[in-house]
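# What the coordinates show
Read off the chains here:
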Amino acid sequence: MSTLQRPPKAAPKKTKPRPSDPHPTTGKPGEIRIIGGQWKRTRLAVAPKPGLRPTPDRVRETLFNWLGQDLGGWRCVDVFAGTGALGFEAASRGAAEVHIFEQDPALVAQLKATQIKLQASSTQIQRGDGVAALRQLAPASIDVVFLDPPFESGLYEPALGAAAKALQPSGFVYLEGPSKWTDELLAPFGLRVHRYLKAGAVHAHLLQRADAAADGAAV
């Protein structure tokens, strides 16, 4: 008596793992959007340049929840600006003065085009080295410094040192990087962690001067 045999199952197709994106964005490829303020939902172009990693929408939304939605009267500096997402976000929320620094000439041209499109009169865009720009600022004159240097640049230490000197006593430094910075690592710069978020491969920190009054534990 013969029996029917089932044909062997086909081997499952192998699929390549999707690479993780350390800076995911929403909307169309090559675009990010301003989260809040007068230019809310306005899209900014992202140039296809190696190493250009705009701060993700989710992280920027959390950052400005930490800072407060109204930045009226604040003085801000966005160094290593790239798309200028952080600087234009601050200007959108009422910052009185936003200095935006970028070294790549093509990105500077794009930043100036965005400035014209938005009629962002509170922003000043300059081509130049971010650390050198920070060192030229008057001591204790800035409310927020946005720092997002290239991950493998080795610019974190000099940028933090220069940012700490430019920061006014109750001001903030936003620091984005590939790893977590602790109070111990920040101590040489006179800074401490006020808020912390990890989103994928991005480690986002809101820092204050170590001598500022502690009004909330880091999370």
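Residues numbered from 1 in each chain as written. Predicted model: local features only at pLDDT ≥ 70, side-chain atom pairs only at ≥ 80, totals over all residues. Heavy atoms only, no water.

Burial of strand 9 (residues 202-209) is extensive: eight of the eight residues sit out of reach of the surface. When strand 7 (residues 167-177) meets strand 9, the two strands line up antiparallel, connected through five bridges. Across the sheet, Glu176 pairs through a bridge with Ala204, a residue of strand 9. Two elements, strand 8 (residues 191-199) and strand 9, share eight bridges in a ladder whose sense is antiparallel. Each residue of the ladder has a partner; that of Lys198, found in strand 9, is His203. The hairpin turn running from strand 8 into strand 9, its antiparallel successor, is two residues long, and Gly200 in that turn takes a positive phi close to 65°. (Buried < 20%, exposed > 50% of the residue type's maximum accessible area, 1.4 Å probe, protein only. Helix = DSSP H or I, 4+ residues; strand = E, 2+ residues; numbered from the N terminus. Pairing = 2+ DSSP bridges.)

Counting residues in hydrophobic clusters, the biggest one holds 37 residues, and the most contacted among them are Leu67, Cys76, Phe88 and Phe146. Secondary structure elements with two or more residues in this core: helix 1 (57-67), helix 2 (85-92), strand 4 (97-102), helix 3 (105-118), strand 6 (142-147), strand 7, strand 8 and strand 9. Sorting elements by how many residues they give to this core places helix 2 first, with five residues. Residues contacting Phe88, with those up to four places away along its chain left out, are Ile34, Trp39, Leu44, Thr83, Ile100, Leu111, Thr114, Gln115, Leu118, Ala120, Thr123 and Ile125. Core analysis: the next-biggest nonpolar cluster, separate from the first, contains 29 residues, Phe101, Leu137, Ile142 and Leu147 among them. (Core = buried A, V, L, I, M, F, W, Y, C linked by side-chain atoms within 4.5 Å. Contact = heavy atoms within 4.5 Å.)

What the rule picks out here adds up to seven salt bridges. Measuring nitrogen to oxygen at the nearest pair gives 3.3 Å for the salt bridge that ties Asp57 to Arg33. Residue Asp57 is located in helix 1, and its partner Arg33 is located in strand 1 (residues 31-33); the two are separated by 24 residues in the primary sequence. Note on Asp57: relative accessible area 3%, which makes it buried. Classification of Arg33 by relative accessible area gives partly exposed; the value is 25%. In this structure, Asp57 and Arg60 form a salt bridge, with 2.4 Å as the shortest nitrogen-oxygen distance. With Asp57 and Arg60 both in helix 1 and three residues apart, the pair spans about one turn of that helix. Since its relative accessible area comes to 0%, Arg60 is described here as buried. Taken together, the shared-partner salt bridges connect Arg33, Asp57, Arg60, Glu89 and Arg93 into one network. (Salt bridge = Lys/Arg side-chain N within 4 Å of Asp/Glu carboxyl O.)

Attention now moves to unusual backbone geometry. The residue Phe80 is not glycine, and still its phi comes out positive at about 55°. Summarising the element assignment, Phe80 is placed in the loop between strand 3 (75-79) and helix 2.

Here we take up the sheet that holds strand 8. One open sheet holds the seven strands; their spatial order is 5-4-3-6-7-9-8, and the pairing between them is mixed. If you trace the sheet from one side to the other, it starts and ends with strand 5 (123-127) and strand 8, each paired once. Ignoring strand direction, the axes of neighbouring strands in this sheet form an average angle of 15°. Relative to strand 4, helix 2 is tilted by about 170°, and along the sheet it contacts strand 3, strand 4, strand 5, strand 6 and strand 7. Sheet strands in contact with helix 5 (residues 156-166) are strand 6, strand 7, strand 8 and strand 9, and its direction is about 160° off that of strand 7. (Axes fitted to C-alpha atoms, helices over the stretch in contact; angles between N-to-C directions.)

Close contact between helix 1 and helix 2 brings their axes to 12 Å; oriented N to C, the two are set at 45°. The orientation of helix 1 with respect to helix 2, classified from their angle, is oblique. Judged by the sense of rotation from one axis to the other, the crossing of helix 1 with helix 2 is right-handed. For the pair helix 1 and helix 2, contact is made by Arg60, Leu63 and Phe64 and by Ala85, Leu86, Glu89 and Ala90, respectively. (Parallel < 35°, antiparallel > 145°, perpendicular 65-115°, else oblique. Left-handed = near helix turned anticlockwise from the far one by under 90°.)

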